[in-house]
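Residue-level structural notes
Listed below, chain by chain, are the residues.
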Amino acid sequence: MLSWTLRIVPLLLLLTACGSDDGVVVGADGESTSSATTTSAPPTTAAQPTGATTTAPVATTTTTQPTSTTAATTTTPPTTTTTTVAAPIPPLPWHDNWTHGTEPMPVTQPCCSVPATGPVSPSGPLPPSGWPADGFYSAVASRTLPTTIELEIRRWIPCAELYSYCETEPPENGVVADPDESIVRTVELDASVTVVIQPINFPSEDEPPPLQASGTGFVELLTHLDNAVDRWVAEPLLSGSPLGEVYEALAVNSTDPAFPFGFHQDWGELSYRGPLGSYLTFFPYWRELADGDTSLRGENGLYNWWSALEIRSGKPVLYLFANRIAG
């Protein structure tokens, strides 16, 4: 990852505060064919009393033809070297696998001195194997493989019980992750897993409902996003293109609604065009690109989206917040 600091640094400061043609050569064969035709002509001409020898200039006409053809070829200017940007990645059918959730997110991510809010976790120790009891938990998610998520799970404890981890007057439903106990679980992102994503909320619009799909749909989303970031960000930067030029190419192509990245009218920064008309943050720390970090996926492999977990009827529901644009 390399460099986009021209129009990105202000946002960065805000985010980090809380983000051949094979030519067919016919000249030689053509002359040979023409020569064969000429040598068969003399018997016919020899029957004539005069002028048989004077017809030889026909061969001169034959030899000037290849010269004329060569001149035409060398003077034709190339016309295929002016492409400046690659064709956009078209939208994929995986958009159809997403729906809008009917309920708001049950937890909210912490911001600056404000803790996370949501239900506290069930009491009692976390189990040594399997999933914990049904309820809500802190879960730091990291993508270890394209289809696998690793979760570090902790219980949510009321801020009232851990004053030092919360602000002086936290919200009544403020919660903090238990610092003393955790378990790690690996989740295969398949049809048995539910993934809920909170997209960017823009001031001129009502808060968008969460996006919901199975783990399979989530893998499809990540694959499309990964490919788009690699094609439009990583490849040009790693080939030596300046950050400003790469950003400009993104900006130019963003006018195409089928392009994977775009600008929302309320926010002058590129974001990822997600399912159902949503916008998702996809890599808030642009400065890292200039420092040569080629992971392009954020510290957790999930574009630095904040995560939480619910166990519902013994199965995991993974909550992801792809909406942090400030604070």
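Not measured: the values here are computed from a predicted model.

About the cut-offs
Residues numbered from 1 in each chain as written. Predicted model: local features only at pLDDT ≥ 70, side-chain atom pairs only at ≥ 80, totals over all residues. Heavy atoms only, no water. Helix = DSSP H or I, 4+ residues; strand = E, 2+ residues; numbered from the N terminus. Buried < 20%, exposed > 50% of the residue type's maximum accessible area, 1.4 Å probe, protein only. Areas by Shrake-Rupley, 256 points an atom, 1.4 Å probe, with all protein chains shown as cover. Contact = heavy atoms within 4.5 Å. Polar contact = N/O pair within 3.5 Å; in protein donor to acceptor, adjacent residues only side chain to side chain. Bend = angle between axes of the 7 residues up to and from the residue. Salt bridge = Lys/Arg side-chain N within 4 Å of Asp/Glu carboxyl O. Pairing = 2+ DSSP bridges. Axes fitted to C-alpha atoms, helices over the stretch in contact; angles between N-to-C directions. pLDDT = per-residue confidence, 0-100. Core = buried A, V, L, I, M, F, W, Y, C linked by side-chain atoms within 4.5 Å. 1 Å grid on protein atoms, 1.4 Å probe; cavity = no way out; pocket = protein on both sides within 12 Å on 5 of 7 lines; lining within 4 Å. Points joined across faces, edges and corners; volume = space filled by probe spheres on them. Nonpolar A, V, L, I, M, F, W, Y, C, P; charged D, E, K, R; others polar.

1. Concerning the overall build of the chain
What the chain contains, in helices and strands, is 6 helices and 13 strands. For the chain, the proportion of its 327 residues judged to be buried stands at 39%. Put simply, the chain shows about 17500 Å² of open surface, and 56% of that area lies on carbon and sulfur atoms.

2. Regarding the environment of Asn300
With respect to the helices and strands, the residue Asn300 is situated in the loop between helix 6 (287-290) and strand 12 (306-312). The buried category is assigned to Asn300, whose relative accessible area is 13%. Separated by 160 residues in the primary sequence, Asn300 and Val140 have C-alpha atoms spaced 8.6 Å apart. Excluding residues that lie within four positions of it along the chain, Asn300 makes contacts with Ala141, Ser142, Arg143 and Trp305. A distance of 3.0 Å separates a polar atom in the side chain of Asn300 from the backbone nitrogen of Asn304. Of the polar contacts made by the side chain of Asn300, one reaches the backbone oxygen of Trp305; its length is 3.2 Å.

3. Some words on helix 4 (residues 215-238)
Approximately 40 degrees is the largest bend angle found in helix 4, and it occurs at Asp230. In the stretch just after helix 4, Gly240 is the one whose phi turns positive, near 105 degrees.

4. Some details on the pattern of salt bridges
In total, this model carries 5 salt bridges according to the counting rule given. Where Arg143 meets Asp226, a salt bridge forms, and the shortest distance between an N and an O atom there is 2.9 Å. Of this pair, Arg143 sits in strand 3 (residues 135-145) while Asp226 sits in helix 4, and the two are 83 residues apart along the sequence. Since its relative accessible area comes to 16%, Arg143 is described here as buried. As a salt-bridge pair, Arg312 and Glu310 come within 3.0 Å of each other at their nearest N and O atoms.

5. So, the sheet that holds strand 10 (residues 267-273)
If you trace the 3 strands from one edge of the open sheet to the other, you get 9-10-11, paired in antiparallel fashion. Two strands lie at the open edges of the sheet, namely strand 9 (261-264) and strand 11 (279-280), each paired on one side alone. When strand 10 meets strand 11, the two strands line up antiparallel, connected through 2 bridges. Residue Arg273 lies in a different strand from strand 11, and its bridge partner there is Tyr279. In the packing of helix 5 (residues 243-253) onto the sheet, the strands contacted are strand 9 and strand 10, and the crossing angle to strand 10 comes to about 75 degrees.

6. Focus on the environment of Ala251
Its location among the elements puts Ala251 in helix 5. Spatially, the C-alpha atoms of Ala251 and Gly262 are 7.5 Å apart, while their sequence positions differ by 11 residues.

7. Describing the confidence of the model for the chain
In this model, the chain carries a mean pLDDT of 74, and residues with pLDDT of at least 70 account for 66%. Across residues 1-85 the pLDDT falls below 50, and counting only partners more than four positions away or on other chains, this stretch makes 80 contacts in the model.

8. With respect to the nonpolar core
Among soluble globular proteins, nonpolar side chains are generally buried collectively. Ranked by internal contacts, the top residues of the largest apolar core, which has 46 residues, are Leu151, Ile197, Phe218, Phe261 and Trp305. Among all residues touching Phe218, those that are not within four sequence positions of it are Trp98, Leu189, Val195, Ile197, Leu302, Trp305 and Leu320. Residues Val175, Ala308, Val317 and Phe321 belong to the second largest nonpolar core, which totals 11 residues.

9. Notes on the layout of surface pockets
Estimated volume of the second largest pocket: approximately 330 Å³. Here the residues of the lining of the second largest pocket sort into 8 nonpolar, 5 polar and 2 charged.

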